[in-house]
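Letter by letter, the chains look like this.
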Amino acid sequence: MKGPVRVSLVGAAGRMGKTIVDLASNDPKIDIVSQCDLGDAIEPAMRKSDVAIDFSHPDAIEEICRVALQYRQPLVIGTTGHSAEQRSVIEKTAESLPVVFASNFSVGVNALFALTRRAAEILGREFNAEIVETHHRMKKDAPSGSAKTLAEILNKAQNITNQVPIESIREGNVVGEHTVFFSGPGERLKLTHQASSREIFARGALRAAEWVIDKPPGLYAMQDVLGL
Ligand code: NAD
């Protein structure tokens, strides 16, 4: 592709939106051509871009997908906390468009996903898994999207259907912390990821935006973007 990737940003006034705008302003490969937030129309914003990035609220997803389909616009979805119905709207959209949908865009957390899968396979069902996640007080959804992804990975790797316990702590300004405990007879393994800056998610989302624009329709995870 010639020139910078033209991005429209939904949720531009939020914590993640502002971080993305800051980061993109120093990145010659990215041009944020439109920004919208609560109360703005999404349609004109998405008319001029190559890809749309969403870090807003789950309730925005129907309109985002409707407009993306209208303008054949690939999507990078970072918002978490969607209902089952909202997730099925995303899945339906991904039948026609390339969509990266990731509960966490950081390289470190995606390594945690891969290590959790491997640890669960090695340790087996003798070890009980448990997840603890901590985030800042303003975070709206609980458990976090990443904790739910970890639980899905554990269920699949251990071939179990019972609910993996998740403890959600909301305190202070914590950007994000996820720990997976594996407790077995006489020993305990702990895998922890600590995020200290929102930039890691913003950098990952911009990398996903560059990656997704020439992909065939499908629902992609950050693991696909990173080639893990
Ligand atoms: P925030 O509350 O600071 O910002 C959200 C912004 O979206 C606000 O400015 C709000 O006005 C706007 N908004 C709300 N409803 C909207 C709508 N219908 N249309 C357009 N804009 C709307 O939240 P944040 O910390 O920036 O996080 C945003 C989302 O991203 C949350 O769901 C959060 O869990 C998720 N998140 C994901 C990752 C990841 O790596 N996937 C990382 C951090 C945050």
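These figures come from a predicted structure and were not determined experimentally.

K.L.:
Describe the site of the ligand, listing the residues and the values that go with them.
P.N.:
In the neighbourhood of the ligand, 23 residues make up the surrounding shell, with R15, M16, D37, T80 and K139 lying closest. In this structure, G14 approaches the ligand through a main-chain N or O atom, which is 3.2 Å from an oxygen atom. Separating an oxygen atom of the ligand from a side-chain N or O atom of K140 is a distance of 3.1 Å. When the ligand sits alone it has 860 Å² of accessible area, and the protein chains cover 82% of it. Judged by its atoms lying within 2 Å of the grid points, the ligand is housed in the largest pocket. Classifying every residue of the shell around the ligand gives nine nonpolar, nine polar and five charged. Residue-level mapping places the shell around the ligand at the junction of two domains, with at least three residues from each of domain 1 (5-101 + 199-226) and domain 2 (107-195).

K.L.:
Could you give me a rundown of the sheet that holds strand β9 (residues 187-195), with the residues and numbers involved?
P.N.:
Taken in spatial order, the four strands of this open sheet run β7-β6-β8-β9, and their pairing is mixed. If you trace the sheet from one side to the other, it starts and ends with β7 (166-170) and β9, each paired once. Averaged over neighbouring strand pairs, the angle between their axes works out to 15° when direction is ignored. Judged from the five bridges that link them, strand β6 (residues 128-135) and β7 form a sheet pairing that is parallel. Paired with V132 across the strands is E167, a residue of β7. Across the sheet, helix α5 (residues 107-123) lies against β8 (176-184) and β9, angled at about 170° from β9, the strand it touches most.

K.L.:
Give a detailed account of the pairing of strand β2 (residues 30-36), specifying residues and quantitative values.
P.N.:
Strand direction decides the pairing type here: strand β1 (residues 5-10) and β2, joined by six bridges, are parallel. In the sheet register, V10 faces β2, and the bridge partner there is C36.

K.L.:
Account for unusual backbone geometry, with residues named and values stated.
P.N.:
What you tend to see is this: most non-glycine residues have negative phi, and most peptide bonds are trans. Following A142, the chain continues into P143 via a peptide bond in cis, with omega recorded as -5°. Here P143 is to be found in the loop between β6 and α6 (145-158). The phi torsion at R72 lies on the positive side, around 50°, for a residue other than glycine. Along the chain, R72 turns up in the loop between α3 (61-70) and β4 (75-77). On the basis of relative accessibility, which here comes to 52%, the residue R72 falls in the exposed class. A positive phi angle, near 55°, is found at N159, a position not held by glycine. On the basis of relative accessible area, N159 is assigned to the exposed category, the value being 60%.

K.L.:
So what's going on with the packing of helix α1 (residues 15-25) against helix α7 (residues 199-212)? Which residues, and what values?
P.N.:
Helices that pack against each other are described as a pair by the angle of their axes relative to one another and the distance between those axes. Contact pair α1 / α7: the axes reach a minimum separation of 9 Å and the direction vectors enclose 65°. Relative to α7, the element α1 is oriented roughly perpendicular. For the pair α1 and α7, the crossing hand works out as right-handed. Contacts between α1 and α7 pair M16, T19, I20, L23 and A24 from the former with E199, F201, A202, R203, A205 and L206 from the latter. Of the residues in the contact of α1 with α7, the class split is eight nonpolar, one polar and two charged.

K.L.:
Hey, could you go over the sheet that holds strand β3 (residues 51-54) for me, with residue numbers and the actual values?
P.N.:
Reading across from one edge, β2-β1-β3-β4-β5-β10 is the order of the six strands in this open sheet, with parallel pairing throughout. Every other strand in the sheet has two partners, leaving β2 and β10 (218-220) as the edge strands with one partner each. Taking each pair of neighbouring strands and ignoring which way they run, the sheet shows an average axis angle of 20°. Relative to β3, β1 is paired through four bridges, and the arrangement is parallel. In the strand pairing of β3, L9 is matched with I53. Across the face of the sheet, α3 comes into contact with β1, β3 and β4 while running at roughly 165° to β4. Across the sheet, helix α4 (residues 84-93) is in contact with β4, β5 (98-101) and β10; its angle to β5 comes to roughly 145°.

K.L.:
Which residues make up the packing of aromatic side chains, and what values do they have?
P.N.:
Evaluation of the coordinates by the stated rule reveals two aromatic pairs. For the pair F55 and F105, a centre-to-centre distance of 5.9 Å together with 55° between the ring planes defines the contact as tilted. On the criterion of sequence distance, the pair formed by F55 in the loop between β3 and α3 and F105 in the loop between β5 and α5 is long-range, its members being 50 residues apart. For F55, a relative accessible area of 13% gives the class buried. F105 sits in the buried class, given a relative accessible area of 2%. When the ring of W211 is compared with that of Y220, the centres are 5.1 Å apart and the planes differ by 85°; the resulting orientation is edge-to-face. Accessibility classification places W211 together with Y220 in one group, the buried group. In this structure, K215 is placed above the aromatic ring of W211, and the distance from its NZ or CZ to the ring centre is 4.6 Å.

Cut-offs used in this document
Residues numbered from 1 in each chain as written. Predicted model: local features only at pLDDT ≥ 70, side-chain atom pairs only at ≥ 80, totals over all residues. Heavy atoms only, no water. Near = heavy atom within 4 Å. Polar contact = N/O pair within 3.5 Å; in protein donor to acceptor, adjacent residues only side chain to side chain. Areas by Shrake-Rupley, 256 points an atom, 1.4 Å probe, with all protein chains shown as cover. 1 Å grid on protein atoms, 1.4 Å probe; cavity = no way out; pocket = protein on both sides within 12 Å on 5 of 7 lines; lining within 4 Å. Sits in = over half its atoms within 2 Å of the grid points. Nonpolar A, V, L, I, M, F, W, Y, C, P; charged D, E, K, R; others polar. Domains from an automatic or database assignment. Pairing = 2+ DSSP bridges. Helix = DSSP H or I, 4+ residues; strand = E, 2+ residues; numbered from the N terminus. Axes fitted to C-alpha atoms, helices over the stretch in contact; angles between N-to-C directions. Contact = heavy atoms within 4.5 Å. Buried < 20%, exposed > 50% of the residue type's maximum accessible area, 1.4 Å probe, protein only. Parallel < 35°, antiparallel > 145°, perpendicular 65-115°, else oblique. Left-handed = near helix turned anticlockwise from the far one by under 90°. Phe/Tyr/Trp six-rings, centres within 6.5 Å; stacked < 30°, edge-to-face > 60°. Lys NZ or Arg CZ within 6 Å of the ring centre and 35° of its normal.

Keep in mind these numbers describe shape, not what the thing actually does.
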